[in-house]
Amino acid sequence: MNVLKWKKLPDRWLGISLCLFFIQIGVVQAQDTLRISLNQADSIFLNQNLRLLAEKYAIEASKAQLAQTKLWDNPQLSTEWSLYNNLNRKVLDVGSAGQKTFSIQQLVMLAGKRNKRVAMSRENTRMSEFAFYDLLRTLKFELRRSFYHIAFSTQTIERFTNQLAVLDNTISALETQYNKNNISLKDVVRLKAAYYQLNNDKTQLLASIANEHLQLQLLLQTSRPVVPILDESMMQQYDFQKTQSQNLIDLAITNRSDLHIVESQVKQAEMHYRLQKSLAIPDLSIGASYDQAGSYIPHYLALTVGLDLPVFNRNQGNIKMAKSEASMMQLQQQNKQLEVRNEVAASLNKLRQIEDEYKKVDTNFRTQFEQLNTGVLTSFRKQNVSLLEFVDLFEAYNQSIEQLNRLRIARIESFEELNYVVGVELFR
């Protein structure tokens, strides 16, 4: 009575699941698979990440701009030559009896304009360096978040794969019994439903891992499959007690690069305001001129001095605008400081809650639950446990494994998030 034929998965789902599993998790050890620890990942990231390298060029560009700002304006040379002498009908009559003039002018900035521009450019260079460190802080957090997500989720996938193999064998055995009319159809269907549910959970988790793997490859600038390797000695460094001996808010105010960027913008706004006030004072143009035969005496030499008269335009509008921008930036700085304080407090509170939940998990829970899972499977095969009890425990085991690894991911991410919002490696 073979009315029910067991198929583990539709071929399309099976193909997608296995493809993601083998490619992203690295169960099949391809020759070019990149198996790395977190320290190795950090090293590759620092040396190869293109966004970091591009930001370094931005620093070099700002330094070049600073060097350019320090340069003096070039002097201006002008000359006038006689094109045609209508008395002697000579073209370009510029000889000893002809006419030509020369003049040279040099712009001299007054009121410290040049020094103010140099100071602004120097501060802009510092801000570009802060931007580099802020990008480094952000990308490093993303790197570690993806690294640990893949590592712990892979452990869940391995457990799910083992459980699916157990279910597959059990379903095959039940089908044999069903075909002999020893058990009812609902028992077989119930077990198949548990199989499909677990496989669906595995497929969803594989898709999540694939997204994180893509992000990790991008951060490491590699197309090779990446397999994170957990270092238990490094895991032990994530100790909540390390947060108790430091004033994290003060550390964040001192070390947050994005806050330093805003502070630099405030300084530049204040410098810009002072520069605009100095622009109300006209610059001086000084020089000399020579006139061969066109003045009241031959070979006339003269000193020239010139400047704009600040009668109508005294840079009033730009001064007012710069003053308003400086006030605006000061308010933004205050807002950023408040934002940093709140982020640190929220991150610390989040970590404290997750750490409390994590401590409630018995260190022997996983081992005990696996032993119970193995024992119940043996008892079920000996028919000492009902199908309902077996399925309930089977599903509880799978859920507990997934939730425990999710808790471990959330815990490590919370530690790394605290590193991120403080701007310091607290747990190294």
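Quick caveat: nothing in here was measured; it's all calculated off a predicted structure.

### Overview of the overall build of the protein
Broken down by element type, the protein carries eleven helices and eight strands. Here the protein holds 428 residues, and 40% of them are scored as buried. Here the protein has roughly 24400 Å² of accessible surface; of this, 55% comes from carbon and sulfur atoms.

### As for the packing of helix α3 (residues 50–69) against helix α4 (residues 113–179)
Each pair of packed helices gets described by two things: the angle between the helix axes and the distance between those axes. The geometry of α3 relative to α4 is characterised by a closest axis approach of 8 Å and an angle of 175 degrees between their N-to-C directions. Between α3 and α4, the angle is such that the two are roughly antiparallel. Tallied by class, the residues present in the contact of α3 with α4 amount to nine nonpolar, seven polar and seven charged.

### Concerning the nonpolar core
Grouped together as the largest cluster of nonpolar side chains are 46 residues, with contacts concentrated most on Phe45, Tyr148, Leu220 and Leu418. Here the element with the most residues in this core is α4; it accounts for eleven residues. In this structure, Leu164, Leu174, Ala194 and Val391 belong to the second largest nonpolar core, which totals 15 residues.

### A closer look at the confidence of the model for the protein
Here the protein averages 87 in pLDDT, while 88% of its residues score no lower than 70. Here helix α1 (residues 11–25) is the element of the protein with the lowest mean pLDDT, 48, and helix α8 (residues 257–278) is the one with the highest, 97. For residues 1–5, every residue scores under 50 in pLDDT, and the model assigns this stretch 13 contacts once sequence neighbours within four places are set aside. Below a pLDDT of 50 lies the segment residues 25–30, which in the model reaches twelve contacts outside its immediate sequence neighbourhood of four places, other chains included.

### Some thoughts on the environment of Arg144
Summarising the element assignment, Arg144 is placed in helix α4. Along the primary structure Arg144 and Glu413 are separated by 269 residues, whereas in three dimensions their C-alpha atoms are 7.9 Å apart. When sequence neighbours within four positions are dropped, the list of residues in contact with Arg144 reads Leu38, Asp42, Glu416, Asn419, Glu425 and Arg428. Polar side-chain contacts of Arg144 include one of 3.3 Å to the side chain of Glu416.

### Observations regarding the pairing of strand β5 (residues 100–108)
Taken together, the six bridges between strand β2 (residues 76–81) and β5 define a ladder with antiparallel strand orientation. By the bridge assignment for β5, Gln76 is matched with Gln105. The sheet contact formed by β5 and strand β7 (residues 284–291) spans eight bridges and is antiparallel. Bridging from a neighbouring strand, Leu107 pairs with Ser285 of β7.

### Section: a nonpolar patch on the surface
A contiguous nonpolar patch, built from Trp81, Leu83, Tyr84, Val91, Leu92 and Phe102 and spanning about 670 Å² of accessible area, is present on the exposed surface. Counting through the fold element by element, Phe102 comes out in strand β5. Classification of Phe102 by relative accessible area gives partly exposed; the value is 32%.

### Quick look at the environment of Leu351
Within the secondary structure, Leu351 sits in helix α9 (residues 316–359). Between the alpha carbons of Leu351 and Leu418 there is a distance of 7.9 Å; along the sequence they are 67 residues apart. Contacts of Leu351, omitting those with residues within four sequence positions, involve Phe240, Arg411, Ser414, Phe415 and Leu418.

### Structural notes on the packing of helix α7 (residues 248–255) against α8
Interhelical geometry of α7 versus α8 gives an angle of 55 degrees and a closest axis separation of 6 Å. Put simply, α7 runs oblique to α8. Where α7 abuts α8, its residues Ile253, Thr254 and Asn255 lie against Ser257, Leu259 and His260.

### Here we look at the packing of aromatic side chains
Enumeration according to the criterion identifies eleven aromatic pairs in this entry. Ring pairs connect the aromatic residues Phe147, Tyr148, Phe152, Tyr238, Phe415 and Phe427, which therefore count as one cluster. Across the ring face of Tyr420, the terminal group of Arg137 is positioned such that the distance to the ring centre comes to 4.1 Å. Lying over the aromatic face of Tyr358, Arg411 brings its terminal NZ or CZ to 4.5 Å of the ring centre.

### Some thoughts on the sheet that holds β2
Spatial ordering of the open sheet is given by β2-β5-β7-β8, a layout of four strands whose pairing is antiparallel. This sheet does not close on itself; its edge strands, each paired only once, are β2 and β8 (300–307). Averaged over all neighbouring strand pairs, the angle between strand axes comes to 15 degrees, with direction disregarded.

### Some words on unusual backbone geometry
The phi torsion at Leu92 lies on the positive side, around 55 degrees, for a residue other than glycine. Its place among the elements puts Leu92 in the loop between β4 (90–91) and β5. Residues other than glycine seldom take positive phi values, yet Ala111 does so here, at roughly 65 degrees. Relative accessible area serves as the criterion here: at 32%, Ala111 is assigned to the partly exposed category.

### As for the pattern of salt bridges
Where charged atoms of side chains with opposite charge meet at close range, the side chains can pair. Tallied over the entire structure, the rule returns 20 salt bridges. Between Arg144 and Asp42 there is a salt bridge, and its shortest N-O distance comes to 3.0 Å. One end of the pair, Arg144, is in helix α4; the other, Asp42, is in helix α2 (residues 38–48), and 102 residues separate them in sequence. Owing to a relative accessible area of 3%, Arg144 belongs among the buried residues under this scheme. Among the ionic pairs, Glu123 bridges to Arg126, the shortest N-O distance being 2.7 Å. Linking Glu123 with Arg126, this pair stays in helix α4, spanning three residues, or about one helical turn. Each of the salt bridges in this network shares a partner with another, and the network as a whole consists of Asp134, Arg137, Arg256, Asp258, Lys336, Glu339 and Glu343.

### Topic: the environment of Tyr196
Checked against the element boundaries, Tyr196 lands in helix α5 (residues 185–220). Along the backbone, Tyr196 and Leu164 are 32 residues apart, and their C-alpha atoms lie at a distance of 9.1 Å.

Calculation criteria
- Residues numbered from 1 in each chain as written.
- Predicted model: local features only at pLDDT ≥ 70, side-chain atom pairs only at ≥ 80, totals over all residues.
- Heavy atoms only, no water.
- Helix = DSSP H or I, 4+ residues; strand = E, 2+ residues; numbered from the N terminus.
- Buried < 20%, exposed > 50% of the residue type's maximum accessible area, 1.4 Å probe, protein only.
- Areas by Shrake-Rupley, 256 points an atom, 1.4 Å probe, with all protein chains shown as cover.
- Axes fitted to C-alpha atoms, helices over the stretch in contact; angles between N-to-C directions.
- Parallel < 35°, antiparallel > 145°, perpendicular 65-115°, else oblique.
- Nonpolar A, V, L, I, M, F, W, Y, C, P; charged D, E, K, R; others polar.
- Core = buried A, V, L, I, M, F, W, Y, C linked by side-chain atoms within 4.5 Å.
- pLDDT = per-residue confidence, 0-100.
- Contact = heavy atoms within 4.5 Å.
- Polar contact = N/O pair within 3.5 Å; in protein donor to acceptor, adjacent residues only side chain to side chain.
- Pairing = 2+ DSSP bridges.
- Patch = residues over 30% accessible without salt bridge, like charges linked within 9 Å, V, L, I, M, F, W, Y side chains within 5 Å.
- Salt bridge = Lys/Arg side-chain N within 4 Å of Asp/Glu carboxyl O.
- Phe/Tyr/Trp six-rings, centres within 6.5 Å; stacked < 30°, edge-to-face > 60°.
- Lys NZ or Arg CZ within 6 Å of the ring centre and 35° of its normal.

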